[in-house]
Every structure is written in C-alpha cells, then in structure tokens.
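A closer look at the structure
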Amino acid sequence: MEPAIFYLCSTVAAAGALGVVVSRKVFYSAVSLIVCLAALAGLYMLLQAPFIAAVQVIVYAGAIMVLFLFVIMLLDPFSAAVLADKRRYLQFMGIALGLIALFLLAPLVAVHDMRTVPHSPSPALGTAYAIGKSIFTDYLLPFEATSALILVAIIGAVVLGKRHP
Amino acid sequence: MTIAPYLVLSALLFFVGTVGVILKRNVIAVFLCIELMLNGANLSFVAFSRFLGRVDGQVFVFFVMVVAAAEAAVGLAVTIALYRNRKTLNIDDADIMKW
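Residues numbered from 1 in each chain as written. Chains lettered and ligands numbered in written order. Predicted model: local features only at pLDDT ≥ 70, side-chain atom pairs only at ≥ 80, totals over all residues. Heavy atoms only, no water.

**Here's the deal with the overall build of chain A**
When helices and strands are counted, chain A shows 6 helices and 0 strands. Going from N to C terminus, chain A has its helices and strands arranged as α-α-α-α-α-α. As displayed, chain A offers around 9800 Å² of accessible surface, 76% of which is attributable to carbon and sulfur atoms. (Helix = DSSP H or I, 4+ residues; strand = E, 2+ residues; numbered from the N terminus. Areas by Shrake-Rupley, 256 points an atom, 1.4 Å probe, with all protein chains shown as cover.)

See below:
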C-alpha cells in the first residue's frame, strides 16, 4: 500500500515541479507549484509527519502561495515569461549545472545500507506535541531568533512596499 | 520501503528548481523555483526524520518554512518596488548592482 501511495504522490509532485519550469506564464507556474506542494503534503503524511503536512497545506499552499498569486495578479498576470532567448548558452549551462548537482547527490542515494522503515516507529514522532516540545526545549534559541527574523521581514516588506513620493 | 526513493524525488525537485532558477527570466518565476528547491530539501529532512526516528528533521522543516515565508514577503515587496520603478519583471533589466 505504501509504495502505491508513494508513487502516486511522487508522480504528481514531479509533474508539478516540471510544470513550474516548463510553463511560460507565471500564473500557471504558481498553480503548478501549488499542485506540487499538495502532493508533497501527501508524502509527509506517508512519512508520518501529520503536523508538517498540515503546516505545508495551511502555511505554504494557503498563505505563501496566495501571497505569490496576489502579487502576480497585481503586476501582469498573463505576460508570457520570456525565456533566455537571447542567451542560448544559459540553457545549456542551467541543465549542465543541474546535472552536476544530481551527480553530487547520487552517492548519497546509492549507499546500499540505507535504513528501512523501523518496524515499530514511535507513533508520536510527528505530532504537534513532539515537535512543539522539541522547539521549546532543544531549539528555543533558534525559535526566538526566528521571531526577530519575522519582525525584520515585516518591517522590510512595509518599507519596501511603501510608495515614496 | 527504503529511504532511497524519497531522496531520489528530493534530488529531482532540487534539480528542477536549480534549472528553473538559471533559465527563468521573470523575477516571480525565479522565486517560485527557489521555493521548489526549498521543498526538495524539506522532503529530505522529513524522510531522514522518519528513517532515523528523530523529530529534529521536522523541526528543521518548520524553520525552513518560516524562513521561506519571510523570504517571500520581502522578495515580493522588492519585486513590486522593482516593477514600480522600472516597469519590468525581467531580471536582466535589474542590473544596476552588477559589476
């Protein structure tokens, strides 16, 4: 059962990712990315991380992508995104660099003694309780730093978005 | 199931995102591809969290999402400022700070 769900979700995620790059209009890219994010949320459920899956849907697909779509609609929604027509070499360079990245990642995947799923995974691993406990004990300092980051981001966004007469 | 298929999908998402960042000329499309790369890394984090039986990976994913939200807010504000001043979304036209 698990492989079937995995291959379904991963196919949808890969197709969405390809759609982001292939589609020439930004609006369709954003919608493809939402599809990809939803499929990834399914994979997170499969990996027994329900809290992360919920955050993925609510925050990522629900808030961040809506912000993206707002801005796309605000500017020019259906302008054809110009690819690197003038600079053909950029396309070859992009694909070559991507392949190099894949080759660098390949040894990680090729290791044979990859752990399989533990037979009795602790069922409380991905719950909000476990993650919250970890955040507020082991990762308290990064969490507080995050609040400073968000404050700076809010102020920066307001200042940058303000119309200077 | 082993962890390998998850890592392959994660690498694929990161690869597609990298290619998109380099190929795309529209600022917002580049942002979308960066989000794709972040999600490829997130999938690795959650997969390792599951297979090592530790919750730390999911905490990292949480932090990555927070940083992605902050990045999207500031980046989109910069995009709007760029469009207001230059009437363009093409990254090749925003080259004042390029040497």
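**Looking at the interface of chain A and chain B**
Between chain A and chain B, the contact holds 78 residues from the first and 67 residues from the second. Buried surface at the junction of chain A and chain B, both sides included, amounts to about 6800 Å², of which 79% is carbon and sulfur. For the pair chain A and chain B, the interface holds 0 salt bridges. Inspection of the chain A/chain B interface yields 7 residue pairs in polar contact (both at pLDDT 80 or more). If you list the elements that add at least two residues to the side of chain A that touches chain B, you get helix H1 (2-22), helix H2 (26-46), helix H3 (50-74), helix H4 (88-110), helix H5 (128-137) and helix H6 (140-161) of chain A. Among the elements that line the side of chain A that touches chain B, the one with the most residues is H3 of chain A, at 12 residues. Its residues placed into classes, the side of chain A that touches chain B shows 59 nonpolar, 13 polar and 6 charged. (Contact = heavy atoms within 4.5 Å. Buried area = accessible area lost by both parts, 1.4 Å probe. Salt bridge = Lys/Arg side-chain N within 4 Å of Asp/Glu carboxyl O. Polar contact = N/O pair within 3.5 Å; in protein donor to acceptor, adjacent residues only side chain to side chain. Nonpolar A, V, L, I, M, F, W, Y, C, P; charged D, E, K, R; others polar.)

**Examining the domain arrangement of chain A**
Residues and elements named next belong to chain A. The assigned domain composition of chain A is domain 1 (1-79) and domain 2 (124-165). Of note, the centres of domain 1 and domain 2, computed from C-alpha atoms alone, are 22 Å apart. In this complex, domain 1 contributes 5 residues to the contact, which on the side of domain 2 involves 4 residues. Carbon and sulfur atoms supply 78% of the area buried between domain 1 and domain 2, which totals about 290 Å² over both sides. (Domains from an automatic or database assignment.)

**Description of H5 of chain A**
Among all positions of H5 of chain A, only Ala130, Ile131, Ser134 and Ile135 of chain A are buried. Looking down the long axis of H5 of chain A, one finds its buried residues gathered within 130 degrees of arc, a one-sided arrangement. Looking at the buried positions of H5 of chain A, the neighbouring elements they touch are H3 and H6 of chain A together with helix H3 (56-86) of chain B. (Buried < 20%, exposed > 50% of the residue type's maximum accessible area, 1.4 Å probe, protein only. Arc of directions from axis to C-beta.)

**Let's talk about the side chain of threonine 88 of chain B**
Residue and element names in this part refer to chain B. Within the secondary structure layout, threonine 88 lies in the segment after H3. There is a polar contact of 3.1 Å between the side chain of threonine 88 and the backbone nitrogen of asparagine 90. When sequence neighbours within four positions are dropped, the list of residues in contact with threonine 88 reads Leu82, Tyr83 and Asp93.

**Some remarks on the environment of asparagine 26 of chain B**
Residue and element names in this part refer to chain B. You can see asparagine 26 is positioned in the loop between helix H1 (4-23) and helix H2 (27-52). Between the C-alpha atom of asparagine 26 and that of methionine 97, which follows or precedes it by 71 residues, the distance is 18 Å. Looking at asparagine 26, its side chain comes within polar contact range of the main-chain nitrogen of isoleucine 28, at 2.9 Å.

**A word on the packing of aromatic side chains**
One pass over the structure, following the stated rule, counts 11 aromatic pairs over all chains. Both rings, one in phenylalanine 27 of chain A and one in tyrosine 28 of chain A, keep their centres 6.0 Å apart while their planes meet at 75 degrees; by these two values the pair is edge-to-face. In textbook terms, an aromatic cluster arises when at least three aromatic residues are bridged by ring pairs, as seen for Phe51 and Tyr139 of chain A together with Phe45, Phe60, Phe62 and Phe63 of chain B. The residue whose ring lies beneath lysine 87 of chain B is tyrosine 83 of chain B, and the NZ or CZ to ring-centre distance is 5.7 Å. (Phe/Tyr/Trp six-rings, centres within 6.5 Å; stacked < 30°, edge-to-face > 60°. Lys NZ or Arg CZ within 6 Å of the ring centre and 35° of its normal.)

**Focus: a nonpolar patch on the surface**
Taken together, the side chains of Ile150, Leu151, Ile154, Ile155, Val158 and Val159 of chain A present a nonpolar region at the surface, about 540 Å² in accessible area. Along the chain, isoleucine 150 of chain A turns up in helix H6. (Patch = residues over 30% accessible without salt bridge, like charges linked within 9 Å, V, L, I, M, F, W, Y side chains within 5 Å.)

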